[in-house]
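# Summary of the model geometry
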Amino acid sequence: MSLKSRGEQNSSKSVISQKWTLFLCLCCFCAGMLLTNRMWTVPESKGITKTTAMEAEKLKLVSEGCGIRTLKQKEVRRDSKDIIGEVYKTHNAIQTLDKTISNLEMELAAARAAQESMLSGAPVSEDLKKTGLSGKRSATSGGILDRAIEAEDKKHGDFLRLDHVEGYLELSAKTKIYFATAVALWDADFYVKVDDDVHVNIATLGETLVRHRKKPRLYIGCMKSGPVLNQKGVRYHEPEYWKFGEAGNKYFRHATGQLYAISKDLATYISINQHVLHKYANEDVSLGSWFIGLDVEHIDDRRLCCGTPPDCEWKAQAGNICVASFDWSCSGICRSADRIKEVHQRCGEGEKALWSATF
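In the annotation of an unreviewed UniProt entry, the entry for the protein reads Hexosyltransferase, and the organism field reads Hevea brasiliensis. Under the UniProt heading Pathway (unreviewed entry), the entry covering the protein gives this text: "Protein modification; protein glycosylation." Under the UniProt heading Sequence similarities (unreviewed entry), the note attached to the protein is "Belongs to the glycosyltransferase 31 family."

This is the structure:
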């Protein structure tokens with residue numbers, strides 16, 4: 001009895017335990033499902049948020065990077081424009097300074113000429129005496145420079161005065177007026193243009209021109225073909241560069257502007273057609289352009305563009321006297337007022353050469 005009762009009791013207990021076990025398992029499963037859904041929902045949302053935030057950050061970084069590059073490019077362009085602008089301003093300032101120094105030198109020379117004229121007893125107006133001795137500066141028409149030139153011209157009679165306004169950008173117009181005026185005043189075989197800071201052996205120049213006297217339409221000089229400069233602010237800038245083709249092109253052949261000569265028929269051609277001849281920024285280019293299309297013979301003579309000593313001196317010692325000497329770096333003799341006598345002593349043709357020359 002006792003054993004049976006115990007077995008039944010054990011059996012009932014095991015049955016109850018199994019039911020509760022099943023019930024508890026179901027509860028745990030449900031609770032686990034609930035907890036699992038909850039746990040997955042939150043991380044999934046955070047993950048999406050984090051991913052979105054990361055992508056947004058990347059986009060921000062990329063956009064900022066592009067912005068920085070764009071900004072830098074704009075700054076580079078702006079800096080380039082500023083640099084070009086500063087270079088242009090500096091070039092203009094240098095030109096203005098050169099012009100001022102040149103005007104001062106001219107005024108000083110004029111004052112000296114006026115003083116010499118008065119000391120030598122040459123006729124000088126009362127106004128010139130006052131302005132010349134007082135040192136008053138005047139570059140206007142009728143001012144001290146004009147009056148000093150008038151005084152020196154009365155003394156020596158060696159000036160040809162043109163109806164023209166001086167200025168570097170007016171050299172092409174001055175060249176036309178010069179040849180037109182010269183051919184009207186003098187009957188000559190050749191007409192020569194030379195800068196005042198170039199050393200010239202006159203007899204050698206005359207003998208050179210005589211060799212070509214019988215040839216028509218002659219254009220004599222040191223022929224060159226320099227680059228067409230389209231950059232603003234640089235020396236010898238060509239505003240009409242587009243007329244010469246693609247960037248980097250060169251000019252047509254023309255004589256360098258320090259010294260050149262043209263025959264009478266070409267000077268007459270310039271005089272007749274001066275109102276329709278185009279003027280480029282550079283005078284030597286303008287002259288060369290006027291002969292394009294004409295049956296003109298270009299003579300390239302390198303003795304018309306020798307260097308200053310020792311170049312011209314060595315050539316003179318070798319018996320090949322130069323017609324003209326100057327420094328390419330200065331487009332004339334550097335510090336010509338101080339050095340031209342020295343250049344003449346070392347490269348000159350001799351005192352008797354001019355008087356014994358036959359043209």
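This part covers helix 9 (residues 336-347). Since the α-helix advances by 3.6 residues per turn, residues separated by three or four positions end up pointing in the same direction. In a regular helix each residue adds 1.5 Å, so 12 residues correspond to 16 Å; helix 9 covers only 14 Å between its end C-alpha atoms and thus falls short of that length. Within helix 9, the full set of buried residues consists of Arg339, Val343 and Cys347. Here the buried residues of helix 9 occupy an arc of 55 degrees about the axis, which is enough to place them on one side. Helix 9 presents Ala337, Asp338, Lys341 and Gln345 as exposed residues on the side facing more than 90 degrees away from its buried surface. On its buried face, helix 9 is in contact with strand 2 (199-200), helix 8 (311-317) and strand 6 (324-325).

This next bit is on the state of the cysteines. For the structure on display, the rule yields four disulfides. Through a disulfide, Cys330 is tied to Cys334; the S-S separation comes to 1.9 Å. Between Cys330 and Cys334, the S-S torsion sits near 100 degrees, and that sign places the bridge as right-handed. In this structure Cys334 comes out as buried when scored by relative accessible area, which is 18%. Look at the protein and number its bonded cysteines as they come in the sequence; the links are 1-2, 3-5, 4-8, 6-7.

Overall, mixed pairing links the four strands, which are arranged 1-4-3-5 in an open sheet. The strands lining the two open edges of the sheet, one partner per strand, are strand 1 (190-194) and strand 5 (297-300). Taken over all neighbouring pairs, the strand axes of this sheet differ in orientation by 25 degrees on average, direction set aside. Bridge count for strand 3 (residues 218-224) against strand 5 is four bridges, and the pairing is parallel.

Looking now at the nonpolar core. Within soluble globular proteins, side chains that are nonpolar generally end up buried alongside one another. In terms of nonpolar packing, the biggest core is built from 18 residues, with Leu205, Leu209, Ile220, Leu259 and Leu304 touching the most fellow members. Of all the secondary-structure elements, those providing two or more residues to this core are helix 5 (202-210), strand 3 and strand 4 (254-263). Among the elements that line this core, the one with the most residues is strand 3, at three residues. If we skip the residues at most four places from it in the chain, Leu259 touches Val192, Lys193, Val194, Val200, Leu205, Gly221, Leu304 and Ala324. Val183, Tyr191, Ile262 and Ile270 belong to the second largest nonpolar core, which has 17 residues in total.

Here we come to the pattern of salt bridges. For the coordinates displayed, the defined rule picks out 14 salt bridges. The salt bridge involving Glu150 is made with Arg161; its shortest N-O contact spans 3.8 Å. Linking Glu150 in helix 3 (residues 144-156) with Arg161 in the loop between helix 3 and helix 4 (171-185), this pair joins segments that are 11 residues apart in sequence. Under the relative-accessibility criterion, Glu150 is labelled partly exposed at 40%. A salt bridge links Asp327 to Arg339; its shortest N-O distance comes to 2.9 Å. One end of the pair, Asp327, is in the loop between strand 6 and helix 9; the other, Arg339, is in helix 9, and 12 residues separate them in sequence. The exposure class assigned to Asp327 is buried, which follows from its relative accessible area of 13%.

Thresholds applied
- Residues numbered from 1 in each chain as written.
- Predicted model: local features only at pLDDT ≥ 70, side-chain atom pairs only at ≥ 80, totals over all residues.
- Heavy atoms only, no water.
- UniProt positions renumbered as here; feature names shortened; annotations may be inferred.
- Helix = DSSP H or I, 4+ residues; strand = E, 2+ residues; numbered from the N terminus.
- Expected span 1.5 Å × (residues − 1).
- Buried < 20%, exposed > 50% of the residue type's maximum accessible area, 1.4 Å probe, protein only.
- Arc of directions from axis to C-beta.
- Contact = heavy atoms within 4.5 Å.
- Disulfide = S-S within 2.5 Å.
- Pairing = 2+ DSSP bridges.
- Axes fitted to C-alpha atoms, helices over the stretch in contact; angles between N-to-C directions.
- Core = buried A, V, L, I, M, F, W, Y, C linked by side-chain atoms within 4.5 Å.
- Salt bridge = Lys/Arg side-chain N within 4 Å of Asp/Glu carboxyl O.

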